[in-house]
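# Structure assessment
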Amino acid sequence: MVSRSYSNLLELASVDSPTFGRGEYPLGRGEKRFPRVKTVVGVLSELDDENNHSVSSDAPSSISQERIIIVGNQLPLRAHRRPDGGGWYFSWDEDSLLLQLKDGLGEDMEVVYVGCLKEEIDLSEQDSVAQTLLETFKCVPAFIPPDLLSRFYHGFCKQHLWPLFHYMLPLSPDLGGRFDRSLWQAYVSVNKIFADKVMEVISPDDDFVWIHDYHLFVLPTFLRKRFNRAKLGFFLHSPFPSSEIYRTLPVRDEILRALLNSDLIGFHTFDYARHFLSCCSRMLGLSYQSKRGYIGLEYYGRTVSIKILPVGIHMGQLQSVMNLSETALKVAELKVQFAGQTVMLGVDDMDIFKGISLKLLAMEQLLIQHPEKRGKVVLVQI
């Protein structure tokens, strides 16, 4: 009998749809895999095959080096078309948070990345690109059909999850509108594709899997179904809303149960963790224990740890930039440009929740109410 912790999602992922199936985008024949992909005799079959049972390797691994698989919506790579149009070349995206996470791990820890590329790769080039990324960067790309990607990212993620998790309810058609279940199906299907990619490279008894952000809420379900003893961690980079807000999401229970298939769930602040625990209590009837800073939930015979893990500043990267000669020249230039003035600096993404427009209005009011500040206060917004 399939556990209720993932049965609904498996049924949804197995819907026979030409848009969401993997059959249209097969892996290349003879494509190179990591040597630790398969630790039991046999062939890995489809995740949603009901004849499958949760397995874990009983064979001892011959490799002692620890390995972590970091899974995010996008790979920490930049893709560039060759000038002659003859293929692609790639480089690390030094600004990617997923890449910077590597610096917090031990030097002997092997890191593998699973995610999408920012550029669309033609079907005929996907096999060669996947081979290159695997061998050169230890990256496993998940190629998502454009229509499915749009409904997953611009649809469910940005139309439903992102506003709701920032306390913006769908009060009008311009603010999300009615819940579109087809977008939820697209979301689950993309998470299934990510699960397939992780299963290509995972050694379930040895590897750690670290899943990032709201794009992949239901990924732990698919991995737990296939590898019951896999070590799964999830970190949410956005707020988690209060139960009064979260309960307005029609698939609230499915997402909570999917997250609870992780072994550890991390949040930025205690408030976000408290909201999550409140949702689990009020919607799933689960209780939790807190002892000496440890918070644990009992879920289907497993203990799920809840951690508060605030993201800090990468001081090493910051210091390396500060030490550059170009930085010193730019600082000297700015000191001359803004001599005798007070400079206020803002660095924000172009997002409706960053409050950039409110910041500009506040600057306007400052100059209206205190005209003596004109020419003496400068706002630099990046």
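Residues numbered from 1 in each chain as written. Predicted model: local features only at pLDDT ≥ 70, side-chain atom pairs only at ≥ 80, totals over all residues. Heavy atoms only, no water.

## A few points about the overall build of the protein chain
Helix and strand counts for the protein chain come out as 12 helices and 13 strands. Relative to its full complement of 382 residues, the protein chain shows a buried share of 44%. A sequence separation of at least 24 residues applies to 75% of the contacts in the protein chain between residues at least 6 apart. Carbon and sulfur atoms make up 54% of the accessible area of the protein chain, which amounts to about 20700 Å² in all. (Helix = DSSP H or I, 4+ residues; strand = E, 2+ residues; numbered from the N terminus. Buried < 20%, exposed > 50% of the residue type's maximum accessible area, 1.4 Å probe, protein only. Contact = heavy atoms within 4.5 Å. Areas by Shrake-Rupley, 256 points an atom, 1.4 Å probe, with all protein chains shown as cover.)

## What about the confidence of the model for the protein chain?
Taken as a whole, the protein chain shows an average pLDDT of 84; of its residues, 81% reach a score of 70 or greater. Throughout residues 16–63 the model reports pLDDT below 50, and contacts reaching past four residues in sequence, or to other chains, amount to 96 contacts. (pLDDT = per-residue confidence, 0-100.)

## What to know about the environment of Leu 149
Looking at the element boundaries, Leu 149 is found in helix α4 (residues 146–165). Owing to a relative accessible area of 31%, Leu 149 belongs among the partly exposed residues under this scheme. Here Leu 149 is in contact with Ile 144 and His 154, once residues within four sequence places are set aside.

## Remarks on the pairing of strand β11 (residues 302–308)
By the bridge criterion, 4 bridges tie strand β8 (residues 264–267) to β11 in an arrangement that is parallel. Its bridge partner lying in β11, Phe 267 is registered against Ile 308. Of the strand pairs in this sheet, strand β10 (residues 294–299) and β11 are connected by 5 bridges, and their pairing is antiparallel. Within β11, the position partnered with Glu 298 by the bridge is Thr 303. Where β10 hands over to β11, the hairpin turn is made up of 2 residues, of which Tyr 300 adopts a positive phi near 50 degrees. (Pairing = 2+ DSSP bridges.)

## Focus on the layout of surface pockets
Considered as a void within the structure, the largest pocket measures approximately 1100 Å³ in volume. Mapped onto the lining of the largest pocket, the elements with two or more residues apiece are β1 (67–74), α2 (97–101) and α4. Along the lines of polarity and charge, the residues of the lining of the largest pocket split into 9 nonpolar, 11 polar and 8 charged. Empty space within the second largest pocket amounts to approximately 540 Å³. What lines the second largest pocket is a set of 25 residues, among which Leu 101, Trp 210, His 212, Phe 235 and Leu 309 lie closest to the centre. Elements with a contribution of two residues or more to the lining of the second largest pocket: α2, β6 (208–212), β7 (231–235) and β8. Considered class by class, the residues forming the lining of the second largest pocket number 15 nonpolar, 8 polar and 2 charged. (1 Å grid on protein atoms, 1.4 Å probe; cavity = no way out; pocket = protein on both sides within 12 Å on 5 of 7 lines; lining within 4 Å. Points joined across faces, edges and corners; volume = space filled by probe spheres on them. Nonpolar A, V, L, I, M, F, W, Y, C, P; charged D, E, K, R; others polar.)

## A closer look at the side chain of Asn 261
Mapped onto the secondary structure, Asn 261 falls in the loop between α8 (252–259) and β8. Of note is the side chain of Asn 261, whose polar atom sits 3.0 Å from the side chain of Thr 221. (Polar contact = N/O pair within 3.5 Å; in protein donor to acceptor, adjacent residues only side chain to side chain.)

## Brief notes about the nonpolar core
The biggest cluster of nonpolar side chains holds 69 residues, and the ones touching the most others in it are Val 71, Phe 194, Phe 217, Leu 260, Phe 276 and Ile 306. Broken down by element, the residue count for this core peaks at 12 residues, all from helix α5 (residues 181–201). In this structure, Phe 276 is in contact with Phe 240, Leu 256, Leu 259, Leu 260, Ile 265, Phe 267, Leu 297 and Ile 306, ignoring residues within four places of it in sequence. Among the nonpolar cores identified, the runner-up in size contains 21 residues, and Ile 70, Trp 88, Leu 101 and Tyr 113 belong to it. (Core = buried A, V, L, I, M, F, W, Y, C linked by side-chain atoms within 4.5 Å.)

## Here we look at the environment of Val 380
Position of Val 380 among the secondary structure elements: in strand β13 (residues 377–381). Among the residues examined, Val 380 registers a relative accessible area of 25% and is labelled partly exposed. A sequence separation of 35 residues divides Val 380 from Leu 345, and the C-alpha atoms of the two residues are 4.9 Å apart.

## Regarding the packing of aromatic side chains
Enumeration according to the criterion identifies 17 aromatic pairs in this entry. Relative to Phe 234, the ring of Phe 217 lies with its centre 5.6 Å away and its plane at 25 degrees, an arrangement referred to as stacked. Here Phe 217 is found in the loop between β6 and α6 (219–226), whereas its partner Phe 234 is found in strand β7, with 17 residues between them in sequence. Residue classification places Phe 234 among the buried positions, given a relative accessible area of 1%. In this structure an aromatic cluster arises from ring pairing among Phe 165, Phe 217, Phe 234, Phe 240, Tyr 246, Phe 267 and Phe 276. Taking NZ or CZ as reference, Lys 158 lies 4.3 Å from the ring centre of Trp 162, over its face. Above the face of the Phe 208 ring, Lys 231 is positioned so that its terminal group lies 5.3 Å from the ring centre. (Phe/Tyr/Trp six-rings, centres within 6.5 Å; stacked < 30°, edge-to-face > 60°. Lys NZ or Arg CZ within 6 Å of the ring centre and 35° of its normal.)

## Description of the pattern of salt bridges
The full count for this structure, using the stated rule, is 16 salt bridges. Measuring nitrogen to oxygen at the nearest pair gives 3.1 Å for the salt bridge that ties Asp 263 to Arg 224. Here Asp 263, found in the loop between α8 and β8, pairs with Arg 224, found in helix α6; they are 39 residues apart in sequence, far enough to count as distant. Asp 263 is the salt-bridge partner of Arg 302, the closest N and O atoms lying 3.8 Å from each other. Taken together, the positions of Arg 302 in strand β11 and Asp 263 in the loop between α8 and β8 put the pair 39 residues apart, joining distant regions of the chain. Sharing partners across several salt bridges, the network here consists of Arg 78, Asp 93, Asp 95 and Lys 118. (Salt bridge = Lys/Arg side-chain N within 4 Å of Asp/Glu carboxyl O.)

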